[in-house]
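Report on the structure
Residue-level listing of the chains:
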Amino acid sequence: MSKSSPRRSFGRKSSGTITVIEARVHRSSARNARLAFILTAVIVGLLSAVVAASSIHPILAVFVGALIGVPLGCLAWLLVRIWPVLRLLWWWTPEIGITTVLGVCWVQLVNHTSTLVTLIVVALVVGVPAAVPVSRRFLVAWTWCLVVRHRLRVCFAQFIIANQSGSLPLILWAKPTPVGERVWVYLRPGLSLADLEGRLDRIAVACHASTALIERASDRNAAYLRFDIKRREVLTAQVGSPLVDVIDPDTPPTERIPATVPTALDLSDVDMPTVTLPTQGRPAVKKPATTANGSKPAAPAASDVDDVSDWI
């Protein structure tokens, strides 16, 4: 659905087009609306005729079925036909609701108070939340949630492949986290988690964030995903500790003694322990040594040698 209006630019006439709903989505919704009308009218009409035939004439039952099926078919056609518009309104529901509430409050304030009181109330309502750090951070965090929902919709429309009918994923809700925002998304047929994991750097750029993460939000439904948009790193932030208040400020500081770091080891000063390994079996007979005059002592008797292997 688009709106065209002629305009003059550089001495020539040209047509400017503002696209609200893409042409592919418009054609797809029209085709689905016709199918919904036919199926609803036929099914509801036949069921109504069968039920009515049990109490009235079959010919009259057919007319009753048509009177019931055709209006319900028109209702189904209308719902399917305006679904792109309903989805567009869903994307802007928070903004529409906030604007409506603020407008109603402003009208009531203007009608029941004077101009001076109105200005004072507006100054307090706007200035106090902006001056208090807690409320200011709260408002900024929720404002980023509204912005991220629209930035993700831009990502899906610009560089993420949708299905053949052009239906974009349904962006459900967003809430602030200590590091950024968390958004829940329901994918349509044609997309999967693997298709989005390769585009997380582009999503981070589009959302004006440092990084973006994605994971499944349900173990039973692969189409239900969760985006984590990170804008800051909380692990590097300074955290206040209550132990600082426990320390007495009059406590004298402790003198630091510089430590000597050894650069080498003197192994001669190290006492190496002597390790004696236990022997297995009978002890071996040592080979006799040479005497002082150079002659070898007599060999031991045969009774002293039990095995030839002891001489080896």
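Data block above holds the structure.
Residues numbered from 1 in each chain as written. Predicted model: local features only at pLDDT ≥ 70, side-chain atom pairs only at ≥ 80, totals over all residues. Heavy atoms only, no water.

Let's talk about the overall build of the protein chain
- If you tally the helices and strands in the protein chain, you get nine helices and six strands.
- With 312 residues in all, the protein chain has 23% of them scored as buried.
- Considering only contacts within the protein chain whose residues lie at least 6 apart along the sequence, 54% involve residues at least 24 apart.
- Total accessible area on the protein chain is roughly 23,600 Å²; 66% of this is exposed by carbon and sulfur atoms. (Helix = DSSP H or I, 4+ residues; strand = E, 2+ residues; numbered from the N terminus. Buried < 20%, exposed > 50% of the residue type's maximum accessible area, 1.4 Å probe, protein only. Contact = heavy atoms within 4.5 Å. Areas by Shrake-Rupley, 256 points an atom, 1.4 Å probe, with all protein chains shown as cover.)

Concerning the sheet that holds strand β4 (residues 180-186)
- Strand order in the open sheet made by the four strands is β3-β4-β6-β5, with antiparallel pairing throughout. Here the strands that pair on one side only, and so sit at the sheet edges, are β3 (170-177) and β5 (211-216). Ignoring strand direction, the axes of neighbouring strands in this sheet form an average angle of 20 degrees.
- Direction of pairing for β3 relative to β4: antiparallel, over a ladder of seven bridges. Bridge assignment links Pro176 to a residue of β4, and that residue is Glu181.
- Across the sheet, helix α6 (residues 133-158) is in contact with β3, β4 and β6 (224-230); its angle to β3 comes to roughly 145 degrees. (Pairing = 2+ DSSP bridges. Axes fitted to C-alpha atoms, helices over the stretch in contact; angles between N-to-C directions.)

Here's the deal with helix α3 (residues 83-91)
- Restricting attention to buried positions, one finds in α3 the residues Pro84, Arg87 and Trp91. Down the axis of α3, the sector holding all buried residues measures 60 degrees, keeping them to one side. (Arc of directions from axis to C-beta.)

Structural notes on the pattern of salt bridges
- Enumeration over the complete set of coordinates arrives at three salt bridges.
- For Arg231, the salt bridge is made with Glu181, and the minimal N-O distance between the two is 2.9 Å. With Arg231 in the loop between β6 and α9 (243-246) and Glu181 in strand β4, the pair connects residues that are 50 residues apart, well separated along the chain. Glu181 shares its class with Arg231; the two are buried. (Salt bridge = Lys/Arg side-chain N within 4 Å of Asp/Glu carboxyl O.)

A few points about unusual backbone geometry
- Not every positive phi belongs to a glycine, and His208 is a case in point at roughly 60 degrees.
- Structurally, the position occupied by His208 is in the loop between α8 (200-206) and β5.

Topic: the side chain of Ser218
- Residue placement: Ser218 occurs in the loop between β5 and β6.
- Its relative accessible area of 17% is what places Ser218 among the buried residues.
- A polar side-chain atom of Ser218 sits 3.3 Å from the main-chain amide nitrogen of Arg220. (Polar contact = N/O pair within 3.5 Å; in protein donor to acceptor, adjacent residues only side chain to side chain.)

With respect to the nonpolar core
- In terms of nonpolar packing, the biggest core is built from 28 residues, with Leu152, Phe156, Val183, Leu196, Ile203 and Phe227 touching the most fellow members.
- Breaking this core down by element, the ones donating at least two residues are α6, β3, β4, α7 (193-197), α8, β5 and β6.
- The element best represented in this core is α6, accounting for five residues.
- Non-local contacts of Phe156, meaning those with residues more than four positions away in its chain, are made with Leu168, Pro169, Ile171, Val185, Leu191, Leu196 and Phe227. (Core = buried A, V, L, I, M, F, W, Y, C linked by side-chain atoms within 4.5 Å.)

Just distances and angles here, no functional claims.
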